[in-house]
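# Structure assessment
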Amino acid sequence: RAKKAGPGTVRFFEEADDRVSRDRKALQSDLAGAIARDELFLVFQPFLDLDENRITGFEALLRWQHPERGLVSPSEFIPIAEETGLIHEIGEWVIRRACATVAQWPDEIRVAVNFSAAQFHNSGILQIIVQALSEAKLAPHRLEIEITESMLLSKYGSAEPVLNALLELGVTVALDDFGTGFSSLTYLRKLPFSRIKIDQSFIRDMLVQPDCAAIVKSVISLARDLRIAVVAEGVETAGQLDYLRQISCDEVQGYLISRPVSADGVLALLETKKLRRTFAA
Ligand code: C2E
Ligand code: MG
Ligand code: MG
Ligand code: MG
């Protein structure tokens, strides 16, 4: 097709390719210094428990304030961090910062931290978690690790030994983006998950696609039988919230409840009575 369009077109695409790869290299080298320059920070998005109508915890989400580009999204720079191996240093920074931050919050509030595959399967990971907990003097049950289905059995091997070690430590594990991977339901029985997070794509479509609603309902009832809690991700409308309440979803997360907020915003959110009034059944 390129040939038919003429040689000029080929050159155009090659130059465009060059530009993309130069751009990526620039971003890579900028990312390498981002921690030292204090450009990374965490924002926090609440989990709302639907029985108790209260916030039970927050998910820590990583942000990069680039000096020229402005805010860079984690979906853009996490893959670069994974390719370059920077994810280990960044991931360690995230877990330490998350533990130190949640230690300043009320005891009943947990923090959930996202992990990448390479980071999760790194042999030093337990040591890093133990150290982050002890530095922050944080009770292990207040930390939750979020991993995705694709990490259960990856090129790095099985996740089972680390999951069992975390269980022993008292750190809980949630299965993120549930329903988007290829994992078998057997994993739910075999592996010690405390929580399943139903992917936002199901929540988005459940009120318009009956098949989708059926899946959400079944996951919730299966999880209840297995005594695993369920979080619905990406709740954006009151209709979705009502429905999730009807089908006894345990917790919800999404822009309707709150966008991710700064660490200071967390304390403000916990103090305000607004949430209770707005979301009480
Ligand atoms: P995730 O863990 O599934 O996080 C949920 C994403 O959905 C977040 O995007 C969040 O801001 C967004 N979100 C929350 N509520 C809503 C909603 O109601 N509607 C919509 N449309 N979106 C909503 P974010 O912060 O851009 O993070 C994207 C992904 O980057 C995360 O997906 C996670 O996989 C990854 N990530 C974020 N922080 C970290 C980190 O510290 N370490 C690692 N390894 N990955 C991270
Ligand atoms: Mg997550
Ligand atoms: Mg998710
Ligand atoms: Mg409950």
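Residues numbered from 1 in each chain as written. Chains lettered and ligands numbered in written order. Predicted model: local features only at pLDDT ≥ 70, side-chain atom pairs only at ≥ 80, totals over all residues. Heavy atoms only, no water.

Looking at an unreviewed UniProt entry, one finds the protein chain named GGDEF domain-containing protein, with Bradyrhizobium amphicarpaeae as its source organism.

Glancing now at the pattern of salt bridges. This model, assessed by the stated rule, comprises 16 salt bridges. In this structure, the salt-bridge partner of Arg 37 is Glu 39, at a minimum N-O distance of 2.7 Å. Assessed through its relative accessible area of 43%, Arg 37 is described here as partly exposed. Linking Glu 144 and Arg 110 is a salt bridge whose minimum nitrogen-to-oxygen distance equals 3.5 Å. Of the two residues, Glu 144 sits in strand E5 (residues 143-148) while Arg 110 sits in strand E4 (residues 110-114), which places them 34 residues apart along the sequence. (Salt bridge = Lys/Arg side-chain N within 4 Å of Asp/Glu carboxyl O. Buried < 20%, exposed > 50% of the residue type's maximum accessible area, 1.4 Å probe, protein only. Helix = DSSP H or I, 4+ residues; strand = E, 2+ residues; numbered from the N terminus.)

It is worth spelling out the nonpolar core at this point. Core analysis: the biggest nonpolar cluster contains 82 residues, and Ile 95, Phe 115, Ile 129, Leu 143, Ile 147 and Leu 244 have the highest contact counts within it. In terms of residue count, helix H3 (residues 87-102) provides more of this core than any other element does, eight residues in total. (Core = buried A, V, L, I, M, F, W, Y, C linked by side-chain atoms within 4.5 Å.)

Quick look at the environment of Val 235 now. Counting through the fold element by element, Val 235 comes out in the loop between strand E10 (229-232) and helix H10 (238-246). A relative accessible area of 0% places Val 235 in the buried class. In this structure, Val 235 is in contact with Ile 203, Gln 240, Leu 241, Leu 244, Val 252, Gln 253, Gly 254, Tyr 255, Leu 256 and Ile 257, ignoring residues within four places of it in sequence. (Contact = heavy atoms within 4.5 Å.)

What follows is about the coordination of the magnesium ion (ligand 3). At the metal site, the magnesium ion (ligand 3) is ligated by Asp 176 (OD), Asp 177 (OD), Glu 233 (OE) and Glu 233 (OE), and these contacts range over 2.0 to 2.6 Å. One chain supplies every donor for the magnesium ion (ligand 3), spaced along it as D-D-x55-E. Here the magnesium ion (ligand 3) and the magnesium ion (ligand 2) are spaced 4.1 Å apart, with Asp 176 acting as a shared donor. Of the two residues, Asp 176 is situated in strand E8 (residues 172-178) and Glu 233 in the loop between E10 and H10; the sequence distance between them amounts to 57 residues. (Donors = N, O, S within 2.8 Å, 3.2 Å for Na, K, Ca; no water.)

Okay, the packing of aromatic side chains next. One pass over the structure, following the stated rule, counts four aromatic pairs. Aromatic side chains Trp 64 and Phe 77 sit 5.6 Å apart centroid to centroid with 80° between the ring planes, which places their arrangement in the edge-to-face category. In this pair, Trp 64 is assigned in strand E2 (residues 54-66) and Phe 77 in helix H2 (residues 74-84), connecting sequence segments 13 residues apart. For the pair Trp 64 and Phe 77, a shared accessibility class is recorded, and that class is buried. (Phe/Tyr/Trp six-rings, centres within 6.5 Å; stacked < 30°, edge-to-face > 60°.)

Moving on to the site of ligand 1. Among the 21 residues in the neighbourhood of ligand 1, the closest are listed as Arg 63, Asn 114, Asp 176, Glu 236 and Tyr 255. Residue Arg 63 places a side-chain N or O atom 2.9 Å away from an oxygen atom belonging to ligand 1. One of the side-chain nitrogen or oxygen atoms of Glu 233 is found 3.4 Å away from an oxygen atom of ligand 1. Taken together, the elements giving at least two residues each to the shell around ligand 1 come down to E2, H2 and E8. Residue contributions to the shell around ligand 1 peak at four residues, all from E2. (Near = heavy atom within 4 Å. Polar contact = N/O pair within 3.5 Å; in protein donor to acceptor, adjacent residues only side chain to side chain.)

Attention now moves to the packing of helix H5 (residues 125-136) against helix H6 (residues 160-169). Here H5 crosses H6 at 20°, and the two axes come no closer than 11 Å. In this view, H5 runs roughly parallel relative to H6, as classed from their interaxial angle. In terms of crossing hand, the pair formed by H5 and H6 is right-handed. Judged by residue contacts, Ile 125, Leu 126, Ile 129, Val 130 and Leu 133 of H5 engage Val 162, Ala 165, Leu 166 and Leu 169 from H6. Its residues assigned to classes, the contact of H5 with H6 comprises nine nonpolar, no polar and no charged. (Axes fitted to C-alpha atoms, helices over the stretch in contact; angles between N-to-C directions. Parallel < 35°, antiparallel > 145°, perpendicular 65-115°, else oblique. Left-handed = near helix turned anticlockwise from the far one by under 90°. Nonpolar A, V, L, I, M, F, W, Y, C, P; charged D, E, K, R; others polar.)

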